[in-house]
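Structural overview for review
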Amino acid sequence: MIAQRRVFFPVLLTIVCTLLGCGGDTAPSDDQRAEGGTVVIALAAEPATLLPPLVGSDHEQAIVEVVYDRLADIGPALGTVGDAGFTPRLASAWQWAADSMSIAFTLQPSARWHDGAIVTSADVRRSFALYTDPRAESRNAQLLANIDSVSTPDPQTATFWFKRRSPQQFYDAVHHLFVMPAHLLVNVDLAQLATVPLARSPVGTGRFAFVGWTSGQRIELRSDTSNYRGRAMLDRVYFVPTPDFGAATVKLFTGEADFFTPLNRESLEQALRTPSVRVWSYPALRYLHLAFNLRDPANRARPHPVLGDVAVRRALSMATNRERVVRTVFDSIGSVAIGPAPRALLPDESLLRPIPYDVDGARALLDSAGWVLSPTDSVRSRGGVRLRIEVLVPSVSLNRDRMAVLLQDQLRMVGAEVVLQRLEPNALVKRTSKGEFDSWMGGWNTSPGLVGLRQVWSTRAIGGEGDNTGGYSSSTFDANVDTALTAFDPIVARRAVNRAMQTIIDDAPAIWLVEEVSPSGMSSRIDPGVLPSTGWWHGLPDWRIPPSRRNDRDRAGLGTAN
Amino acid sequence: MAQPRQTLLSRVVGRLLQAVLVVWAATTAAFVLLRAAPGDPYTTSLDGFSVPDSTRALWRAQRGLDQPLPTQYVLWLRNAARGNLGYSTMYKRPVFDVLREVLPRTLLLMGLALGTSILCGMAIGAWQGTRADTTGDQWVSTFSMIAYSLPEFWLALLMLQLFVQSLGWFPATGIVDATYDLMSPGRQLLDRLEHLALPWFTLSLVGTAWFARFQRSSMIDAWRQPHVRTARAKGLAGRGVRRHAWRTSLVPVITLFGLLFPALLGGAVFVERVFSWPGMGYTTILAVGARDYELVTAAVIVGSTMTALGSLIADGLQQLADPRTRAS
């Protein structure tokens with residue numbers, strides 16, 4: 001298909017091929033197999049490492065997830081309480097201790113590393129040790145903090161010992177930890193963990209095996225045909241770094257790449273008009289908001305002179321037409337956010353009452369709080385303090401910039417002055433982490449389990465050990481989040497989540513703006529099944545290209561593959 | 001005979017020392033300025049959950065970032081002198097390994113672009129200089145003026161839109177196709193050329209226009225020189241006169257060679273990004289954003305060395321072309 005598309009070189013190609021005596025690069029093969037095909041995925045950036053404890057971005061995660069295995073995988077409902085919904089992966093079964101303080105995982109007896117070695121419990125123990133050693137620079141270490149140790153009573157059993165009982169302890173043990181081959185991680189200097197060969201030549205147990213990484217160009221995976229879970233449906237997958245967004249979409253539309261995500265609003269429209277491309281969407285576990293600083297930037301012990309007042313924050317929320325903001329900026333690839341967690345993680349979203357859009361109500365609320373307009377000023381003031389807030393906007397995000405401009409206009413209607421300050425991300429993070437801001441166009445990538453609520457919005461997350469840079473503090477919210485994360489009774493947990501969410505919605509420490517949907521462009525040759533919200537890559541081993549839709553790229557090199 | 005040689009040697013040594021000084025100054029400035037900018041390699045990412053301050057402090061200590069700036073500088077200088085350029089926190093690899101991969105790609109692109117710019121720019125400019133103010137000269141001048149004023153990134157996007165998306169003549173990005181390893185040697189060669197074509201052309205176009213403009217005006221000046229007039233008056237044929245005039249016109253144009261080096265390096269940043277050409281320019285920009293201190297500093301060493309070398313080569317060529325500079 002590629003050769004057909006490029007018409008500029010056919011004559012030259014013929015001449016050169018004749019001179020060099022080269023034949024075609026396809027070999028006779030059985031094209032009618034259900035398994036087969038090659039997929040090229042355009043990545044927004046090149047991975048820095050493929051060592052599981054060190055991966056941080058989606059493009060690294062996508063590769064690690066299909067090369068390595070967890071002990072068990074989270075179910076489609078994203079439940080994190082107990083082991084309900086989890087499906088066995090590298091562990092074939094597990095046994096809870098009577099006091100729930102340990103879980104013994106029995107490993108799949110037929111599981112082999114891609115280099116042929118047998119998977120043993122020593123691999124699990126070694127992996128845990130690498131993840132949790134602070135010298136290893138793993139960002140997941142804190143997520144494994146409730147696990148005390150891993151013991152190995154026999155080569156097929158790995159027992160996780162926990163510090164305390166928790167509804168999420170099973171999730172903690174399996175979701176944040178990929179099992180790595182201990183025999184390839186012997187005598188490793190943990191301070192130099194990133195430089196081990198495994199970081200650039202991963203050896204896992206997943207249904208795809210790593211083949212090669214040509215820096216800056218491509219990472220190649222092939223189906224592991226002897227995998228204990230069965231081979232992947234595709235023969236090959238290439239991950240091609242394409243940092244320029246426009247170039248990545250051109251690759252998609254010209255068939256040079258088969259998959260690219262996420263599309264933006266403009267490229268989505270083009271994708272919908274391109275017959276060779278289909279659009280698939282899945283909800284991203286991510287929300288964007290205008291976060292307020294509730295503490296005085298000059299003296300964190302005092303409330304913020306403007307935003308410390310809950311009436312002001314609620315009024316600003318009421319004055320914001322969030323539906324219009326989302327439609328204008330995101331159109332169909334976003335929905336109005338409910339609160340500090342995406343819908344996919346909320347058990348009863350319909351029970352939550354958002355702050356309504358009501359401009360007159362916002363004006364009345366500000367009037368009653370003493371923020372009044374003077375005849376000579378279009379900006380409200382109280383006691384000599386003007387209703388003026390500075391909004392920090394990351395200069396790299398066009399969508400956030402567009403939203404900020406709309407907010408500036410909408411809040412002006414109720415007498416609030418919004419000053420936009422566009423900053424490079426490092427400069428922005430420096431200011432927010434020190435509390436030197438009024439508000440900022442923020443966002444959070446969340447994960448199943450709602451632990452993010454505690455990590456970002458609880459009182460204990462204020463200061464250097466958490467991400468509560470705005471200083472929001474509510475004992476009601478804290479108590480309900482604690483209950484939600486520690487209750488073993490699902491009904492009690494759900495009620496606590498609802499109460500916590502309603503509390504923080506009413507306190508308005510932010511204007512909850514948008515939950516993004518991730519639209520992906522995919523070649524219409526591919527049948528991907530379902531794209532789960534935990535990441536499109538989860539289903540990659542089951543993507544299929546029916547024989548009738550295969551092209552030259554799918555057939556290239558057959559006979560040598562596998 | 002001995003005296004001029006000594007002078008030349010001392011001049012070369014002097015210029016080399018000057019180049020070393022330039023590289024050191026640029027590197028030191030990069031070292032200090034980057035650390036003065038907000039953030040560091042372990043600053044929280046924009047939307048990701050952060051790790052506790054205590055853990056981050058440990059990571060900084062492992063990389064020596066908790067030391068006072070002068071101590072960091074001395075350590076870095078000592079390591080650099082031993083050939084150890086440090087560790088890239090962004091790529092999680094030694095800086096040397098990163099540069100070893102990305103530098104040749106940039107050199108290939110820049111080398112080809114520089115060669116094309118010089119050859120085509122000189123030929124076009126010389127042709128224009130001998131036909132100044134004719135219709136052909138005016139057309140070419142207009143075209144080169146347009147090409148000269150186009151930003152590289154815009155030109156690159158235009159190329160992408162036209163030759164890739166609309167005409168489908170070339171692949172969009174990268175150095176080779178994903179399935180390169182499965183191709184026959186002939187196809188591999190073509191694949192490389194196809195991928196090289198647009199970035200090469202984009203970078204060369206601006207350089208060619210630049211050279212052509214200077215070569216043209218230099219050629220016009222040379223054409224009016226007394227010795228050229230004399231040669232024409234003595235009945236020397238057209239080609240011979242043009243050769244005399246061209247040699248005279250070379251001196252100011254050669255100076256451009258040294259200036260084009262950093263200009264091309266700057267342009268390569270955008271071209272490399274748009275065409276996903278994994279070279280040094282784009283890598284450096286990413287490293288600045290990620291506060292990858294040691295990679296940026298090493299890239300500055302390479303960039304400033306290339307610029308200094310370009311200047312040295314230009315000086316040498318100038319002396320070859322103009323005997324008067326040798327005498328002085």
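Residues numbered from 1 in each chain as written. Chains lettered and ligands numbered in written order. Predicted model: local features only at pLDDT ≥ 70, side-chain atom pairs only at ≥ 80, totals over all residues. Heavy atoms only, no water.

Here we look at the overall build of chain A
For clarity, the cut-off: Labels follow the DSSP assignment, with helices taken as runs of H or I lasting at least four residues and strands as runs of E lasting at least two, numbered in each case from the N terminus. It is over C-alpha atoms that the radius of gyration is taken, and the globule rule equals 2.2 Å times the number of residues to the power 0.38. We call two residues in contact whenever any of their non-hydrogen atoms come within 4.5 Å of each other.
Looking only at helices and strands, chain A features 16 helices and 22 strands. Relative to its length of 562 residues, chain A is compact, with a C-alpha radius of gyration of 26 Å against a globular reference of 24 Å. Taken over the C-alpha atoms alone, chain A extends approximately 85 × 65 × 40 Å along its principal axes. Expressed as a percentage of contacts within chain A between residues at least 6 apart in sequence, the contacts between residues at least 24 apart total 69%.

Topic: the layout of surface pockets
Stated formally: With a 1 Å grid spanning the protein atoms alone, the term cavity applies to any set of points in which a 1.4 Å probe fits but cannot get out, the term pocket to an open set with protein on both sides within 12 Å along at least five of seven lines, and the term lining residue to any residue with an atom within 4 Å of a point. Grid points are joined across faces, edges and corners, and a volume is the space filled by probe spheres set on the points. Gly is placed with the polar residues, together with every amino acid not listed as nonpolar (Ala, Val, Leu, Ile, Met, Phe, Trp, Tyr, Cys and Pro) or charged (Asp, Glu, Lys and Arg).
Each pocket or cavity is described by its volume, and for the second largest pocket that value is around 900 Å³. Surrounding the second largest pocket, 34 residues form its lining, Gln142, Leu143, Ala145, Arg164 and Arg454 of chain A being those nearest its centre. Elements with a minimum of two residues in the lining of the second largest pocket: helix H5 (169-175), helix H13 (451-457) and helix H14 (475-486) of chain A together with helix H2 (53-62) of chain B. Each residue belonging to the lining of the second largest pocket can be placed in one class, and the counts come to 12 nonpolar, 14 polar and eight charged.

With respect to the packing of aromatic side chains
Residue and element names in this part refer to chain A. Let me state the cut-off plainly: Each Phe, Tyr or Trp ring, with Trp reduced to its six-membered ring, pairs with another whose centre is within 6.5 Å; inter-plane angles below 30 degrees give stacked pairs, above 60 give edge-to-face pairs, and intermediate values give tilted ones. Throughout this description, buried means an accessible area under 20% of the type-specific maximum (1.4 Å probe, protein chains only), exposed means over 50%, and partly exposed covers the range between. Remark: a charge is flagged as sitting over a ring if the NZ atom of Lys or the CZ atom of Arg is within 6 Å of the ring centre and within 35 degrees of the ring normal.
Counted by the stated rule, this structure contains 22 aromatic pairs over all chains. Arranged with centres 4.9 Å apart and planes meeting at 50°, the rings of Trp94 and Phe170 form a pair that is tilted. Within this pair, whereas Trp94 is found in strand S4 (residues 91-96), its partner Phe170 is found in helix H5, the two being separated by 76 residues in sequence. Residue Trp94 is classed as buried on the basis of its relative accessible area of 18%. Phe170 sits in the buried class, given a relative accessible area of 0%. In this structure an aromatic cluster arises from ring pairing among Phe86, Trp94, Trp96, Phe105, Phe128, Phe160 and Phe170. Stacked on the ring of Phe488, the Lys or Arg Arg165 has its end atom at 4.3 Å from the ring centre. Positioned above the aromatic ring of Trp213 is the side chain of Arg200, whose terminal nitrogen or guanidinium carbon lies 3.9 Å from the ring centre.

Some words on the interface of chain B and chain A
For the record, the criterion: The term buried area refers to how much accessible surface (probe radius 1.4 Å) is lost by two components on association, counted for both of them together. Between Lys or Arg on one side and Asp or Glu on the other, a salt bridge is scored when a side-chain nitrogen of the former is within 4 Å of a carboxyl oxygen of the latter. Two N or O atoms form a polar contact when they lie within 3.5 Å of each other; inside protein one atom must be a possible hydrogen donor and the other a possible acceptor, and for residues adjacent in sequence the pair counts only when both atoms belong to side chains.
The interface is formed by 61 residues belonging to chain B together with 74 residues belonging to chain A. Between chain B and chain A, the buried area comes to about 5900 Å², and carbon and sulfur atoms account for 56% of it. At the surface where chain B touches chain A, the tally comes to three salt bridges. Ionic pairing is found between Asp244 of chain A and Arg273 of chain B, a salt bridge with its closest N-O pair at 3.3 Å. In this structure, the connection of chain B to chain A is made through 11 residue pairs in polar contact (both at pLDDT 80 or more).

Some remarks on the sheet that holds strand S16 (residues 372-374) of chain A
Residues and elements named next belong to chain A. Defined as follows: For two strands to be treated as a pair, DSSP must find at least two bridges joining them.
Spatially, the three strands line up as an open sheet ordered S16-S17-S18, and their pairing is antiparallel. The outermost strands of the open sheet, each flanked by one partner alone, are S16 and strand S18 (385-386). Pairing analysis gives two bridges linking S16 to strand S17 (residues 377-382), with the strands arranged antiparallel. Bridge assignment links Ser374 to a residue of S17, and that residue is Asp377.

With respect to the sheet that holds strand S5 (residues 102-107) of chain A
All names here are of chain A. Which entries qualify depends on this criterion: An axis is simply a line fitted to the C-alpha atoms; with a helix, the fit covers only the stretch in contact. Between two such axes, the angle follows the N-to-C directions and lies from 0 to 180 degrees.
Sheet architecture is open: four strands sit in the order S4-S5-S7-S6, paired in antiparallel fashion. Every other strand in the sheet has two partners, leaving S4 and strand S6 (147-154) as the edge strands with one partner each. Across the sheet, the mean angle from the axis of one strand to that of its neighbour is 20°, orientation sign disregarded. Sheet analysis places S6 next to strand S7 (residues 157-162), joined by five bridges and oriented antiparallel. In the strand pairing of S7, Val150 is matched with Phe160.

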